[in-house]
There are 2 protein chains.
Amino acid sequence: MSIRNELRQDRITKTWVVIAPGRGERPHDTNDEPDVTHNTSHCPFCPGHEAETPAEVFRLNDSNGGWRVRVVPNKFEVLGGDRGESRTVSPQGFVSMPGVGRHEVVIEMPEHGADLATVDVQAVRDVLTAYRTRFRALRDENWALIVIFRNHGSAAGTSLSHPHSQIVATPVVPIQIRHRFDIARQYFDDTGACLYLDVLEREIAGGRRIILEQAQYVAFQPFASAVPFETWIMPRVHRTSFGDASDQELVDLALVLRTVLGGLRRALADPSYNYVIESAPIGDEDRQYFVWHLRILPRLTTPAGFELGSGIRVNPSRPEETAEILRRAIDSEAEVARKISV
Amino acid sequence: MSIRNELRQDRITKTWVVIAPGRGERPHDTNDEPDVTHNTSHCPFCPGHEAETPAEVFRLNDSNGGWRVRVVPNKFEVLGGDRGESRTVSPQGFVSMPGVGRHEVVIEMPEHGADLATVDVQAVRDVLTAYRTRFRALRDENWALIVIFRNHGSAAGTSLSHPHSQIVATPVVPIQIRHRFDIARQYFDDTGACLYLDVLEREIAGGRRIILEQAQYVAFQPFASAVPFETWIMPRVHRTSFGDASDQELVDLALVLRTVLGGLRRALADPSYNYVIESAPIGDEDRQYFVWHLRILPRLTTPAGFELGSGIRVNPSRPEETAEILRRAIDSEAEVARKISV
C-alpha cells in the first residue's frame with residue numbers, strides 16, 4: 001500500500017471512520033450471476049496464483065503437496081502497519097490517527113466455485129481452525145478488537161467470489177462495542193447474571209425461534225431480529241472470546257455453522273449474507289457478562305432513510321415464521337442426506 | 001393495514017426493531033434504469049390517481065385547480081395507529097409494544113419524472129413547507145421523535161420512483177439518538193459550548209470541506225464522513241428543532257438544498273442517496289446543545305461484515321477531495337445557469 005489509511009473520529013457520535021483511498025482500486029469480479037467460474041484464470045485466490053498474494057501467515061496442507069486453507073495479508077487493507085504513532089489533534093480540534101492494524105484474508109478452500117454452505121464439514125472446520133489460529137496470533141500482538149467476518153454475494157459487499165473470509169484487527173475499541181458492553185455490565189451489576197446467557201436461556205424456554213440445539217451451541221433467530229432470517233450461533237456456556245474455543249468446540253461449531261448456512265442456502269436460494277464473529281475486545285476477555293457469538297445477517301432488505309436517521313430497523317418478517325422456514329429447510333436437507341447415504 | 005406492526009426491543013443493544021410483515025406487499029416500480037416514466041399510468045402518486053392514496057393531510061394548490069404538493073398517510077406504514085397501549089413483557093422477559101406512530105408520504109410534485117435536484121427552487125420550498133407543517137402537527141400529537149427523510153434511487157431503498165419524501169413519528173426515542181445527545185450534553189457540561197456549533201465553527205475555520213456558506217446555512221462534508229460525498233446542511237445559529245424554522249429560513253434552505261442536490265447529481269451522474277433531517281426529540285427541543293441538520297448520504301458503497309461487526313465505517317474517499325469535486329460541480333452548474341439567463 002502506497003497510501004496510508006487514516007482513522008478519524010466523528011466528534012458528534014464518537015464513532016471512528018477509516019478513510020481508505022486505496023480501497024477504490026480493488027479488483028472486482030462479482031456480478032449478479034451466482035457463479036463466476038469463467039473468471040478463475042484471473043482469480044488471485046485460486047491454486048497456481050499463490051505468488052499474486054502477499055506471503056502466507058497461515059496454511060493447512062493437503063496430502064498432495066497443495067493447501068486446504070491459506071491466510072494472507074489483504075493486499076487492499078482497511079487497516080495495516082504497526083502501532084506506535086499516537087493520535088493527533090488538528091488545529092481545528094479534529095482527532096485522527098494512522099490507520100494501523102491488521103487485515104487478513106482467509107482463503108477458505110482451493111475450489112473457486114465451492115461454497116461453505118455445501119462443502120464437507122471437515123472443510124468448515126479447517127476454516128474455523130484458521131480463524132482461531134489467527135485470532136490468537138493477533139491477540140498476542142495486543143490489538144484492541146479482532147473482527148472475523150465473511151461477505152457472501154454481491155449484495156453483501158463481496159469483491160471477489162472465491163470463497164474467503166476476512167479478519168481485521170483494530171487499534172481502538174469502537175463505541176458500538178463499548179455501548180454493548182455497558183448494557184451487559186449494567187445488567188450484571190443489577191442482577192448478577194450474564195445478559196447473553198440470560199437471553200439465550202429465554203430463547204430456549206420460548207422455543208419458537210430456536211433453529212437447532214446441540215451439546216455446545218444453540219442456533220436461534222433473535223426476538224428483535226434486525227433483518228429477515230438473522231441467525232445467531234452462540235455457545236451454551238460462558239465464553240467471552242472466540243480465541244478460547246477448544247478443538248472439540250470447533251468441531252461442533254463447524255457442524256452447526258455448516259447446517260445453518262446450508263439451510264439458509266436452501267430456504268433462500270443462496271442469499272447474499274454477512275456473518276460476523278462478535279468476540280470480546282482484548283482487554284475485556286475476563287469479563288463475566290459477555291458471550292461471543294456468530295451473527296449471520298442475510299442481505300435481503302435495504303435499510304433506507306428512516307433506519308439511517310433513527311437507528312430503528314424495519315424487519316418485514318417475523319422471526320417466529322422465518323425460524324420455522326429455516327428449520328424445515330434444514331430438515332429437508334437432512335432428509336436428502338439420509339436418502340443419499342442409504 | 002390489516003396486520004398490526006410491532007416494536008420489539010433488543011435487550012442486548014437496547015435498539016428497537018419494527019416487525020412489519022405488511023411491508024413486504026409494497027408496490028415496486030423502481031429498477032436500475034434511472035427513469036421509469038413508462039409506469040406513470042400505474043403510479044399512485046401521479047395526478048388523476050389521488051383516489052388511490054389515503055385521504056390527504058396536507059396540500060398546496062396550484063393556480064389551475066391542481067396541486068403542487070400533497071401529504072398522505074403511507075398505505076404501507078412502518079408505524080401507525082394512536083398511542084394508548086403500553087409495553088408488554090412476555091413470559092420470557094421480551095419487551096414489545098404495538099407499532100404505533102405516524103408514517104406519511106410527501107408527494108413532492110405532480111411530475112412523475114422530475115427531480116428535486118433540477119426543479120425550480122420554489123418547488124423545493126413547497127416541499128420544505130410541507131415538511132414543516134407536518135412536523136408541527138405531529139409534534140402537537142406529542143410523538144417522541146419525528147424523522148423526515150428522502151430515499152432517492154433504488155440503491156437507497158426507494159420503492160416508487162415518483163418524487164417523494166417520507167415522515168415517520170415514533171412513540172419511543174431510539175437509543176442511537178440518546179447516545180448522540182449524551183455526548184453533546186457531556187460536552188456542554190464540560191465546556192459550556194454546543195458541540196454542533198463548535199464543530200461547524202471548526203469546519204468553517206478549516207475551510208477545506210465547506211461546500212457553501214450562506215447567511216443562514218452552511219453546507220459541508222464532515223471531517224469523519226462515513227460515506228463518500230456525505231454532505232450536511234446546518235443552520236449557522238442555535239436551532240434544535242426543524243419545526244421552528246422561519247419562513248425566511250425555509251427560503252434559504254430551499255436554495256442551499258437545491259444547489260447541493262444539483263451539484264451531487266452533476267458530479268455523480270444522479271446517484272442514489274438518502275437524506276435525513278435530524279431534529280431534537282420532542283421532549284428535548286429546549287436543550288442548548290443540539291442543532292438540527294440535514295444529512296445527505298449518497299449510496300455509492302456497500303457496508304460489509306467489518307462495518308456491521310465493528311460500527312467502524314470504511315470510506316474509500318477523502319472528504320477534502322470530494323468537497324472539491326462537489327464545489328466544482330456546483331460552480332459549473334452556476335456557470336451554465338448564468339449563460340442561460342444571459
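Structure: above.
Residues numbered from 1 in each chain as written. Chains lettered and ligands numbered in written order. Predicted model: local features only at pLDDT ≥ 70, side-chain atom pairs only at ≥ 80, totals over all residues. Heavy atoms only, no water.

**Some details on the overall build of chain A**
Part 1: What chain A contains, in helices and strands, is six helices and 15 strands.
Part 2: Compactness check: chain A gives a C-alpha radius of gyration of 20 Å against a globular reference of 20 Å for 342 residues, within 12% of the reference.
Part 3: Sequence separation of 24 or more characterises 67% of the internal contacts of chain A that already satisfy a separation of 6 or more.
Part 4: For chain A, the accessible surface area stands at approximately 13500 Å², while carbon and sulfur atoms represent 48% of it.
Part 5: Of the charged side chains in chain A, 39 are positive and 46 negative; the average position of the first set lies 3 Å away from that of the second. (Helix = DSSP H or I, 4+ residues; strand = E, 2+ residues; numbered from the N terminus. Rg over C-alpha atoms; globule rule 2.2 N^0.38 Å. Contact = heavy atoms within 4.5 Å. Areas by Shrake-Rupley, 256 points an atom, 1.4 Å probe, with all protein chains shown as cover. Lys, Arg positive; Asp, Glu negative; His and termini not counted. Charge placed at Lys NZ, Arg CZ, Asp CG, Glu CD.)

**A few points about the interface of chain B and chain A**
One frequently used descriptor of interface size is the decrease in accessible area upon assembly of the parts.
Part 1: Facing the 75 residues of chain B at the interface are 75 residues of chain A.
Part 2: Carbon and sulfur atoms make up 67% of the surface buried where chain B meets chain A, a total of about 6300 Å² over both sides.
Part 3: For the interface between chain B and chain A, the tally reads four salt bridges.
Part 4: With its nearest N and O atoms 2.9 Å apart, the salt bridge here joins R8 of chain A to E320 of chain B.
Part 5: Where chain B meets chain A, there are 25 residue pairs in polar contact (both at pLDDT 80 or more).
Part 6: Of the residues belonging to the side of chain B that touches chain A, the class tally is 39 nonpolar, 21 polar and 15 charged.
Part 7: Note that strand β2 (residues 16–19) of chain A and strand β15 (residues 313–315) of chain B share three bridges and pair parallel. Bridged to V17 of chain A within β15 of chain B is R313 of chain B. (Buried area = accessible area lost by both parts, 1.4 Å probe. Salt bridge = Lys/Arg side-chain N within 4 Å of Asp/Glu carboxyl O. Polar contact = N/O pair within 3.5 Å; in protein donor to acceptor, adjacent residues only side chain to side chain. Nonpolar A, V, L, I, M, F, W, Y, C, P; charged D, E, K, R; others polar. Pairing = 2+ DSSP bridges.)

**Considerations on the pattern of salt bridges**
Part 1: Across all of its chains, the model carries 57 salt bridges over all chains by this definition.
Part 2: E56 of chain B is paired through a salt bridge with R59 of chain B; the nearest N and O atoms lie 3.0 Å apart.
Part 3: Note on R59 of chain B: relative accessible area 32%, which makes it partly exposed.
Part 4: Among the salt bridges present, the one from R295 of chain B reaches E230 of chain B, with a minimum N-O distance of 2.9 Å. Placement of R295 of chain B in strand β14 (residues 293–298) and of E230 of chain B in the loop between β11 (217–220) and β12 (231–235) is noted, with a sequence separation of 65 residues between them.
Part 5: With relative accessibility at 14%, the residue R295 of chain B sits in the buried group.
Part 6: Ionic contacts of the salt-bridge type, sharing partners, join the residues E6 and R8 of chain A together with E203, R209 and E320 of chain B into one network. (Buried < 20%, exposed > 50% of the residue type's maximum accessible area, 1.4 Å probe, protein only.)

**Quick word on the sheet that holds strand β13 (residues 273–278) of chain B**
All names here are of chain B.
Part 1: Strand order in this open sheet of ten strands is β3-β4-β7-β9-β8-β13-β14-β12-β11-β10, and the pairing throughout is antiparallel. A strand with exactly one partner marks an edge of an open sheet, and here the two such strands are β3 (58–61) and β10 (210–213). Ignoring which end each strand starts from, the neighbouring axes of this sheet average 15 degrees apart.
Part 2: Here three bridges tie β12 to β14, and the two strands are oriented antiparallel to one another. Looking at the pairing, I233 lines up with L294 of β14. (Axes fitted to C-alpha atoms, helices over the stretch in contact; angles between N-to-C directions.)

**Points about helix α4 (residues 247–268) of chain A**
Part 1: With 22 residues, α4 of chain A extends 31 Å between its outermost C-alpha atoms, agreeing within 8% with the 32 Å of an ideal straight helix rising 1.5 Å per residue.
Part 2: Once α4 of chain A ends, the next one or two residues include A269 of chain A, with phi positive near 55 degrees. (Expected span 1.5 Å × (residues − 1).)

**Concerning empty space enclosed by the protein**
Part 1: Considering all chains together, one arrives at six cavities of 30 Å³ or more under this definition.
Part 2: Roughly 120 Å³ of internal volume is contained in the largest cavity.
Part 3: Lining the largest cavity, in full, are V199, E203, F220, P222, F223, A224 and W232 of chain A together with Q9, D10, R11, I12 and F94 of chain B.
Part 4: For the lining of the largest cavity, the class distribution of residues is eight nonpolar, one polar and three charged. (1 Å grid on protein atoms, 1.4 Å probe; cavity = no way out; pocket = protein on both sides within 12 Å on 5 of 7 lines; lining within 4 Å. Points joined across faces, edges and corners; volume = space filled by probe spheres on them.)

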